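Below, each chain spelled out in residue letters.
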Amino acid sequence: MPVTARSSLPLLTPFADIPQGCSLQKSEDGQRFTCVREGEAVHVLADRCPHQGYPLSQGEARDGTLTCAWHNWKFDVRTGECTFGGEGVRRFPASVADGRVHVDLRVDVPAERARLRASMARALQSGDGGAVLRDGLRLDQLEELEGPSPAFGVLVEFAAARTPYGFDHPLATMTDLLSWVERGWLALPEALAVAAELAAEDYAYLGDRPVHAELEGEATAQAIPAALRVEARAQAEATARALARELAPGDAASLDALTREGLLPYVGDHLLGYGHGLIYTDKTRDLIARFPEAREALLGALIVRQGWHTRETALPPWKRTREGYAAVDALGPTPNTDPASAPQWSPEARARYEQAVLASEAAAVDATLEALGQGVAPRALVLASAHAAAIRLARFDPSWERRPEAEVTVLDVSHALTFPDAALALLPLASDRDARRFAVQAAAFVGKLHKSDRSEEPPASEATPSLEEVLRRRDADALPSLARRVPAAERPAAYARLAPFAAGETFVRPIFTAHAVKVTEACHRLEGVDDQADHAYLEAALTMVVPRRTERSPKRQATLALEMIEHSRPPKGLY
Ligand code: FES
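Source: prediction; values computed, not measured. (Residues numbered from 1 in each chain as written. Predicted model: local features only at pLDDT ≥ 70, side-chain atom pairs only at ≥ 80, totals over all residues. Heavy atoms only, no water.)

In this section: the UniProt feature "domain: Rieske" (unreviewed entry) in the chain. UniProt's feature table lists "domain: Rieske" (unreviewed entry) at residues 10-103, given in the numbering used throughout. Overall, residues 10-103 shows 0% helix and 49% strand. The separation of its end C-alpha atoms is 6 Å. (UniProt positions renumbered as here; feature names shortened; annotations may be inferred. Helix = DSSP H or I, 4+ residues; strand = E, 2+ residues; numbered from the N terminus.)

This is the structure we're talking about:
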């Protein structure tokens, strides 16, 4: 069996002198073990309890069960399995020779890996984020860490299999957290702690989602959007899974082709699930690049989710956007790569375009049609819409979150920013039709949310607190001046300081945490690709994470429920 090269050690105390029951024993080199002697049998366990590290040797053994004295976790001494509590304890094979107990310290890596993965899955199932984290750290320590964290890999596989309606926020957040670890913004254990909590809270007590893998007909990329359009979700998933199985790990070109023909056309039909159709497509591809062995589970989860999304722009209030789709579909080829390819797209033209995007859905769609008609690349328009979205997010009126008759939070506006961020990543793979539609969607989305703006600028603050002070005090009033004060060259570093706060301290509810992470990452990415970036992206990220926000409101929940039941009235919204 593949094992580590460590040898076995004899215990100091002769076998004959080891007392019945539980005792602390040491090896010649000073290592501590808990020994449980049952007649002539002896069981050797790690002395550190897997819960919080207190000595198990201070516990009590009875009928083959060792109970930790500190919080009552119980372990089967024959296997090390935890029978009450959380993770199991390491049990060492031991034998008696020459009157001494010899402890085999070697680690059977494959067996230990399997044990830890199973233990993580059990902890996720019972919603114990702390146990997921501890076993995840043990798993990462076991492996030679050259690629992405194996513990994250377990979380990704588990989430993709469990999430009942397909790809969702914890999965999307995991890929951003891993990017932050790679950049040195967040330590891996901290990132794992956030991901473990998100996954444990969302997937506890769920069984695996049924997998639809039986294909009717040939698996072609084009069959995926065709099936989704007629709500043949099982067929769409089976096709995606079949195509995923054909993908060789790391075959980026084939994944790109599948994205273009199979994943993007349905997303191009409509703005899906408040932008999540495109956002999750981008995150899925990112996770597949990190964990290629999970490609089938991830693509399956993505397609399941696409099939359940609301088709936002099919709703009655989005008539102008639907007209925009028809108009751009009728256009000839539009350059899809080089923003500078249209000479009329000057900084002034972009500024005028952003004003139109911010004004309303109709103005945004009209301006997009005009620009596309002039040959402006969709990428340039999406980038301008992203900047407009950052301005919109920074203008968010927090009184929306206190209105009991409304169902609006900052999350409603944040998607208008994360959507174009995803679109920019995917545009190089999109057909002309889809690229133009993404430009229309990005602009219309920002315009549609114009009612979210506060009516007045907040009073200018005289104070000049540091970013750390603003975060510590959750000082929303200091945001506009703070964002403008940070010199352009220092903005990238500001995101690095913001990231741990966004991931760990900003919010309590997982869905808010997920969006704080996504917006911070999107703003950082947009800052990097927008050659006209100003303070707007940083201000948007700060607006998302600094103010204390109402995450739950029983008053609002009750008001909305009563309004609906007694008066059949829907909540006040942004459109
Ligand atoms: S330290 Fe053993 S149960 Fe808590």
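Turning to the sheet that holds strand β3 (residues 32-38), a few remarks are in order. Pairing is antiparallel in the open sheet, where four strands are placed in the order β2-β3-β4-β9. Only two strands of the sheet have a single partner each, and these edge strands are β2 (21-26) and β9 (91-92). When β2 meets β3, the two strands line up antiparallel, connected through six bridges. Across the sheet, the residue bridging to K26 is R32, located in β3. (Pairing = 2+ DSSP bridges.)

With that settled, the discussion passes to the packing of helix α3 (residues 150-162) against helix α5 (residues 188-203). Each pair of packed helices can be described by the angle between their axes along with the distance between the axes. Where α3 contacts α5, the two axes come as close as 11 Å, and the packing angle between them is 20 degrees. In this view, α3 runs roughly parallel relative to α5, as classed from their interaxial angle. Where α3 crosses over α5, the handedness of that crossing is left-handed. On the side of α3, the interface is formed by A151, F152, L155, F158, A159 and R162, while α5 contributes L188, A191, L192, A195, A196, A199 and Y203. Class assignment for the residues of the contact of α3 with α5 results in 12 nonpolar, no polar and one charged. (Axes fitted to C-alpha atoms, helices over the stretch in contact; angles between N-to-C directions. Parallel < 35°, antiparallel > 145°, perpendicular 65-115°, else oblique. Left-handed = near helix turned anticlockwise from the far one by under 90°. Contact = heavy atoms within 4.5 Å. Nonpolar A, V, L, I, M, F, W, Y, C, P; charged D, E, K, R; others polar.)

Looking at where R556 falls in the secondary structure, it is placed in helix α22 (residues 554-567). For the buried R556, which has no salt bridge, the nearest side chain bearing the opposite charge is E407, at an N-O separation of 6.3 Å. Filtering out sequence-adjacent residues up to four positions away, R556 remains in contact with W400, E401, R402, R403, P404, A406, E407, V408 and T409. (Buried < 20%, exposed > 50% of the residue type's maximum accessible area, 1.4 Å probe, protein only. Lys, Arg positive; Asp, Glu negative; His and termini not counted. Salt bridge = Lys/Arg side-chain N within 4 Å of Asp/Glu carboxyl O.)

A few words on the layout of surface pockets. By volume, the largest pocket amounts to about 980 Å³. As for the largest pocket, its lining consists of 33 residues, and the residues nearest its centre are E407, T409, L411, D412 and I511. Grouping the constituent residues of the lining of the largest pocket by class yields 11 nonpolar, 12 polar and 10 charged. Here the lining of the largest pocket spans two domains, and each of domain 3 (223-312) and domain 4 (315-554) adds at least three residues to it. Of all the elements in the fold, those that place two or more residues in the lining of the second largest pocket are β9 and α1 (109-125). When its residues are assigned to classes, the lining of the second largest pocket shows seven nonpolar, four polar and nine charged. (1 Å grid on protein atoms, 1.4 Å probe; cavity = no way out; pocket = protein on both sides within 12 Å on 5 of 7 lines; lining within 4 Å. Points joined across faces, edges and corners; volume = space filled by probe spheres on them. Domains from an automatic or database assignment.)

Here the chain is partitioned into domain 1 (8-107), domain 2 (110-203), domain 3 (223-312) and domain 4 (315-554). The C-alpha centroid of domain 4 is placed 30 Å from the C-alpha centroid of domain 2. Facing 15 residues of domain 2, the contacting portion of domain 4 comprises 17 residues. Around 1300 Å² of area is buried between domain 2 and domain 4 when both sides are counted, 73% of it from carbon and sulfur atoms. Three residues stand out in domain 2 for area buried against domain 4, namely H169, W180 and W185, and they jointly supply 47% of the buried area on that side. We note a salt bridge from E521 to R183, for which the minimum N-O separation is 2.7 Å. Inspection of the region where domain 2 meets domain 4 yields four residue pairs in polar contact (both at pLDDT 80 or more). When residues in the side of domain 2 that touches domain 4 are grouped by element, the largest group, eight residues, is from helix α4 (residues 169-183). Residue composition of the side of domain 2 that touches domain 4, by class: seven nonpolar, three polar and five charged. (Buried area = accessible area lost by both parts, 1.4 Å probe. Polar contact = N/O pair within 3.5 Å; in protein donor to acceptor, adjacent residues only side chain to side chain.)

Per the stated rule, a full pass over the model turns up 44 salt bridges. Here R525 ties to D282 by a salt bridge, and the two come within 2.8 Å at their closest N and O atoms. Taken together, the residues R525 in helix α20 (residues 510-529) and D282 in helix α9 (residues 276-290) connect sequence positions 243 residues apart. With a relative accessible area of 26%, R525 lands in the partly exposed category. What makes D282 buried here is its relative accessible area of 9%. The partner of R549 in a salt bridge is E401, with the nearest N and O atoms 2.7 Å apart.

Taken together, the three strands give an open sheet; going across it, the order is β1-β11-β10, and neighbouring strands pair in antiparallel fashion. Each end of this open sheet is capped by a strand with a single partner; those strands are β1 (8-14) and β10 (94-97). Neighbour-to-neighbour, the strand axes of the sheet open up by a mean angle of 30 degrees, direction not taken into account.

To continue, consider the packing of aromatic side chains. As enumerated under the stated definition, the model contains 11 aromatic pairs in all. Summarising the aromatic geometry, the rings of Y274 and F445 are spaced 5.2 Å apart at their centres and angled 80 degrees between planes, so their arrangement reads as edge-to-face. Taken as a pair, Y274 in the loop between α8 (252-269) and α9 and F445 in helix α16 (residues 432-448) lie far apart in primary sequence, 171 residues in all. In terms of burial, Y274 and F445 fall into one category: buried. Look at W345 and Y353: their rings are 5.5 Å apart centre to centre, the planes differ by 70 degrees, and that puts the pair in the edge-to-face class. Judged by its relative accessible area of 16%, W345 falls in the buried class. Among the aromatic residues, those joined into a cluster by ring pairs are Y274, W318, F419, F445 and Y575. Between R233 and the ring centre of W308, over which it is positioned, the NZ or CZ distance is 3.7 Å. Here the guanidinium or amino end of R403 rests over the ring plane of W400, the centre of that ring lying 4.4 Å away. (Phe/Tyr/Trp six-rings, centres within 6.5 Å; stacked < 30°, edge-to-face > 60°. Lys NZ or Arg CZ within 6 Å of the ring centre and 35° of its normal.)

Looking at where R209 falls in the secondary structure, it is placed in the loop between α5 and α6 (223-229). As a buried residue without a salt bridge, R209 has its nearest oppositely charged side chain in E237, at a separation of 4.3 Å. Sequence-distant contacts of R209, that is, excluding residues within four places in its chain, are made with A160, A161, R162, T163, P164, G166, E237, R241, G300, A301 and V304.

When the terminal C-alpha atoms of helix α12 (residues 347-359) are compared, their 18 Å separation across 13 residues agrees well with the 18 Å that a helix rising 1.5 Å per residue should span. Of the residues making up α12, those classed as buried are A349, R350, Y353, E354, A356, V357 and L358. Contact partners of the buried residues in α12: α13 (361-373), α14 (378-394), α16 and α21 (536-545). (Expected span 1.5 Å × (residues − 1).)

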